Structure formats: C-alpha cells, structure tokens
Amino acid sequence: MRGKMKAIVKHHRGYGAQLQVVDIPDIRDDEVLIRVKMTSICGTDIHIFTWDEWSQGRVSPPYVFGHEFAGEVIEIGASVSNVSVGDCVSAETHIVCGTCRQCLTGQFHICKKTNIIGVDKQGCFAEYIALPAKNLWKNPSDMPLDIATIQEPMGNAVHSVLAGEVLGKTVAIIGCGPIGLMAIAVAKAAGADKVIALDINDYRLQLAKKMGATHLIHSINQDPVEITKSITSGDGVDVVCEMSGNPTAIQQGFKMATNGGRISILSLPSKPVTINITEDIVFKGLTVQGITGRKMFSTWQQVSSLLESGKVDVKPMITHRFLLSDFEKGFELMIKGQCGKVLLIP
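Residues numbered from 1 in each chain as written. Predicted model: local features only at pLDDT ≥ 70, side-chain atom pairs only at ≥ 80, totals over all residues. Heavy atoms only, no water.

Asks: Describe in detail the overall build of the protein, supporting the description with residues and values.
Replies: On a plain count of helices and strands, the protein comes out with 12 helices and 18 strands. Relative to the globule expectation of 20 Å for 346 residues, the C-alpha radius of gyration of the protein, 20 Å, shows essentially globular dimensions. Summarising its shape, the C-alpha atoms of the protein cover approximately 65 × 40 × 35 Å along the three principal directions. Within the span of the protein, comprising 346 residues, buried residues form 55% of the whole. The contacts in the protein between residues at least 6 apart in sequence include a share of 68% that link residues at least 24 apart. Accessible surface, the protein: about 14,800 Å² in total, of which carbon and sulfur atoms supply 48%. In the protein, 34 positive and 34 negative side-chain charges are present, and the distance between their average locations comes to 1 Å. (Helix = DSSP H or I, 4+ residues; strand = E, 2+ residues; numbered from the N terminus. Rg over C-alpha atoms; globule rule 2.2 N^0.38 Å. Buried < 20%, exposed > 50% of the residue type's maximum accessible area, 1.4 Å probe, protein only. Contact = heavy atoms within 4.5 Å. Areas by Shrake-Rupley, 256 points an atom, 1.4 Å probe, with all protein chains shown as cover. Lys, Arg positive; Asp, Glu negative; His and termini not counted. Charge placed at Lys NZ, Arg CZ, Asp CG, Glu CD.)

Asks: Could you give an account of helix 12 (residues 327–336), naming the residues involved and the relevant values?
Replies: Regarding helix 12, the residues found buried are Phe327, Gly330, Phe331, Leu333 and Met334. For helix 12, the angular spread of the buried residues around the axis is 160°, confining them to a single face. Against strand 1 (4–10), strand 2 (18–23), helix 1 (43–50), helix 7 (202–210), strand 17 (318–323) and strand 18 (341–345) lie the buried residues of helix 12. Of the residues one or two after helix 12, Gly337 is the one with positive phi, at around 75°. (Arc of directions from axis to C-beta.)

Asks: Explain helix 8 (residues 224–231) to me, and be specific about the residues and the numbers.
Replies: Among all positions of helix 8, only Pro224, Val225, Thr228 and Ile231 are buried. One side of helix 8 holds all its buried residues, which, seen down the axis, span an arc of 125°. Buried residues along helix 8 sit in contact with strand 12 (194–199), strand 13 (215–218), strand 14 (237–242) and helix 9 (247–256). Put simply, Asp223 is the residue that caps the front of helix 8, since its side-chain oxygen is 3.0 Å from the backbone nitrogen of Val225. Just downstream of helix 8 lies Ser233, where phi reads positive at about 55°. (Polar contact = N/O pair within 3.5 Å; in protein donor to acceptor, adjacent residues only side chain to side chain.)

Asks: Could you give me a rundown of unusual backbone geometry, with the residues and numbers involved?
Replies: Here the bond from Pro61 into Pro62 is cis, since omega is 0°, no more than 30 degrees from zero. Examined against the element boundaries, Pro62 turns out to sit in the loop between helix 2 (53–56) and strand 4 (63–64). The linkage connecting Met296 with the following residue, Phe297, adopts the cis geometry, with an omega of 0°. Within the secondary structure, Phe297 is located in the loop between strand 16 (287–290) and helix 11 (298–309). Backbone geometry at Ser233 places phi at a positive 55°, although glycine is not the residue there. Tracing the backbone through its elements, the reader meets Ser233 in the loop between helix 8 and strand 14. Looking at Ser233, the relative accessible area reads 75%, which means it is exposed.

Asks: Explain the sheet that holds strand 16 to me, using residue names and the numbers behind them.
Replies: In space, the 6 strands of this open sheet follow the order 13-12-11-14-15-16, with parallel pairing throughout. At either end of the open sheet lies a strand with only one pairing partner, and these are strand 13 and strand 16. Adjacent strand axes in the sheet meet at a mean angle of 15°, parallel and antiparallel pairs treated alike. Relative to strand 14, strand 11 (residues 170–174) is paired through 4 bridges, and the arrangement is parallel. Opposite Ile174, over in strand 14, you have Glu242 as the bridge partner. (Pairing = 2+ DSSP bridges. Axes fitted to C-alpha atoms, helices over the stretch in contact; angles between N-to-C directions.)

Asks: An account of the nonpolar core is needed here, citing residue identities and associated values.
Replies: Residues Met154, Ile173, Leu181, Met182, Ile184, Val314 and Met317 are the most contacted members of the largest nonpolar core, which totals 43 residues. For this core, the elements supplying multiple residues, two or more each, are helix 4 (145–149), helix 5 (151–161), strand 11, helix 6 (178–189), strand 12, helix 7, strand 14 and helix 11. Here this core takes 8 residues from helix 6, the largest share from any one element. If near-sequence neighbours (up to four positions away) are discounted, Ile184 is found in contact with Ile173, Cys176, Val195, Ala197, Ala208, Met211, Gly212 and Ala213. In this structure, Val22, Ile24, Phe331 and Leu333 belong to the second largest nonpolar core, which totals 32 residues. (Core = buried A, V, L, I, M, F, W, Y, C linked by side-chain atoms within 4.5 Å.)

Asks: Describe the pairing of strand 11, and please don't skip the residues or the numbers.
Replies: Looking along a regular strand, one sees side chains alternate from face to face of the sheet. Where burial is concerned, most of strand 11 is hidden: 5 out of the 5 residues are buried. With burial as the criterion, each face of strand 11 is covered, one bearing Thr170, Ala172 and Ile174 and the other bearing Val171 and Ile173. Pairing of strand 11 with strand 12, which is carried by 5 bridges, proceeds in the parallel orientation. Residue pairing across strands places Ile174 opposite Leu198, the latter belonging to strand 12. A crossover links strand 11 with its parallel partner strand 12, the connecting element being helix 6, and its sense is right-handed. (Right-handed = clockwise from strand over helix to strand, strands pointing away.)

Asks: Tell me about the layout of surface pockets, residues and numbers included.
Replies: For the second largest pocket, the calculated volume is near 390 Å³. Glu31, Lys121, Gln122, Ala130 and Leu131 are the residues nearest the centre of the second largest pocket, which is lined by 20 residues in total. Ranked by residue count, the leading element in the lining of the second largest pocket is strand 9 (residues 128–132), at 5 residues. Tallied by class, residues from the lining of the second largest pocket come to 10 nonpolar, 3 polar and 7 charged. (1 Å grid on protein atoms, 1.4 Å probe; cavity = no way out; pocket = protein on both sides within 12 Å on 5 of 7 lines; lining within 4 Å. Points joined across faces, edges and corners; volume = space filled by probe spheres on them. Nonpolar A, V, L, I, M, F, W, Y, C, P; charged D, E, K, R; others polar.)

Asks: I'd like to hear about the packing of aromatic side chains, residue by residue, with values.
Replies: Applying the stated criterion across every chain yields a total of 8 aromatic pairs. Three or more aromatic residues joined by ring pairs form one cluster here, namely Tyr15, Phe49, Phe65, Phe125, Phe327 and Phe331. (Phe/Tyr/Trp six-rings, centres within 6.5 Å; stacked < 30°, edge-to-face > 60°.)

Asks: How would you explain the environment of Asn115 if you had to name every residue and give the values?
Replies: Tracing the sequence through the fold places Asn115 in strand 8 (residues 115–116). Taking relative accessible area as the criterion, Asn115 reaches 34% and is therefore assigned partly exposed. Sequence separation between Asn115 and Cys97 is 18 residues; the distance between their C-alpha atoms is 8.6 Å. Contacts of Asn115, omitting those with residues within four sequence positions, involve Thr93, His94, Ile95, Asp120 and Lys121.

This is how it looks when you write it as structure tokens:
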C-alpha cells in the first residue's frame, strides 16, 4: 500500500513532538500492515516527549513513537499465516531475536537484542503501522477498541503483580499512573488482602479508590512508611510494586517492605537511585525483581482471561480521548497527572 499518513513524530533531540505527514510503511514477507484504530499514551512516551535523561541515551529522532494500540489488519506479507486481513489485533511491543540464550530458554521478555516498537523502531502514533506477524495478538471480535488498546500496558501490571504470590497478602502500589491503577485491580482480582495505593496526586488517588484500593496514602501529606506499618500492625507490606520512578518513593518502598517480602520494580527512574542494601535488602531477606515487558505470551493470556472473566474492569481508569491531531492536550494532561489513561484516535 503506497501513500502518505499522519503521524506524531519525535522530530528532534529536545522537548515535544510534531504531527507530520510521512510515508505509509512498506511490509516484508513476515510482516503485516495495520490500520491503527486507537492508540494510547504510555509513561515511556512521556519520557520521550519531555526528553529526559533516559530518552536522551536511548532514542534517536526523528521517528514515529508510541507503542500501545489496537487496529485492523489490511495487508499481509507472503509468508504470514497466523492472521488474516480484517482481523482486529494488538501487539507485543518487544521484537526479539529468537536466538540469544534468553530466547532459546523461553525468556523472550528479556531478550538481549530486544527492539521496542516506538522506542527503537517506528511506532504506532500514526494511521498505519507495519509489524512482524509473530508479534500480533488477535483480539476477540467483540472486544471494545478502548479495552483492546490498553492490553499491552495491562500486561505490565499483570507481570508486576503476579511475579510472586499475592493471595492473602498485603500489596502496596507506589505510583498511581495508568499501569499502577491497573495493578491495583489485578492485585484485588488475585486475592490480595489489602491493596495500598500511594501517590502525591489527589486526582489519581481517587482513581485508585475506584480501581479497588483499600487504603490511600498521599505520600507528601503522610509518612508512607509509618502509615503502611500501622495498616499492617507494624509488620510491613508483603509485596511492593514500584511504578513511580521517584527516588524517594523507591527508597520508601524498601523501608515499608516486611522481612522476607517482595519488591517488583517496573518504573524507569531517569537517574541512579541510592538504596541501603545492607539494612533494606540483605538483613530483610527481600526478593527484588526488575520487571520488563510481558512474558511472551503467557502474560497476554492472563490479561485476556482477566478481561473476559470480568474480574478486572479497566474502564474507570480510561479518562480522556483525543484525536491524534490533538495529541498535545493528552500529553499535557499526562505530564500534569490530571488523567488516567489517555487514548488517541487517528
């Protein structure tokens, strides 16, 4: 398919992005062309838009960014057999090599040669995107587009929360951005006894309550460590999921974890963070996990099952929808923290 399309382009090594007209991508034999029906803004996109230290060392403008979407397959390569024209699909955004030690042992999500859509490769903030067919997840025909669009970030939440035992445990979710909000709902669905939501934003704390948080902590107005100890009768939190990337919040997460507890870190701090390894990890016997992406494709199956069963309702955290051309409004809301999930419609 030849022609032009509208796309949000990270156009320079600096703040912001531009709506531009670019070429519709060509596809290879193992790829498909997808008409993007809906896409959503991720925290990673905010890193790129604001041009923080992480993005400065990772991405190479100019290019189309964005990686969360749902769309319709409109063209398939000669060797593609797993999807057909007309299918509604979303995508696993980590394109892996399949040959490194991690891939050969089934750990595709930590492939050493991973390329990420919208970070290392052309992304989905556009009318069309070309992707390897092996990365596609076929959506049920009756799944609403807004739900289909946010399965990829929900996979992050599922991977973080379910990386260890949750049933009957106390779980703290630090950072109530969209993934943190979904993590709250996942923890409740998985049988957590208490789900404590921590943030410095009243708007997002109220969304956390709607998503099922049993306790809310404003981390500036209250002492998170003291409050979590009070909630847990002085014992500390069994599971901490760090979603904020804030150095102080990360340090507090290690302080509030109980001895023998688990800390799963999904956030991307833009600078190194100082942790008291002796007191807050070794002597506590903590399990500390770095969480990247989703297990391919077992996490996707978990996401699909949680949504289909109705055990997780993500609708309350979808708060805004804009046309692709109005993307700056969505990014502004995300930067200010005055939203849940923001969707963009090409």
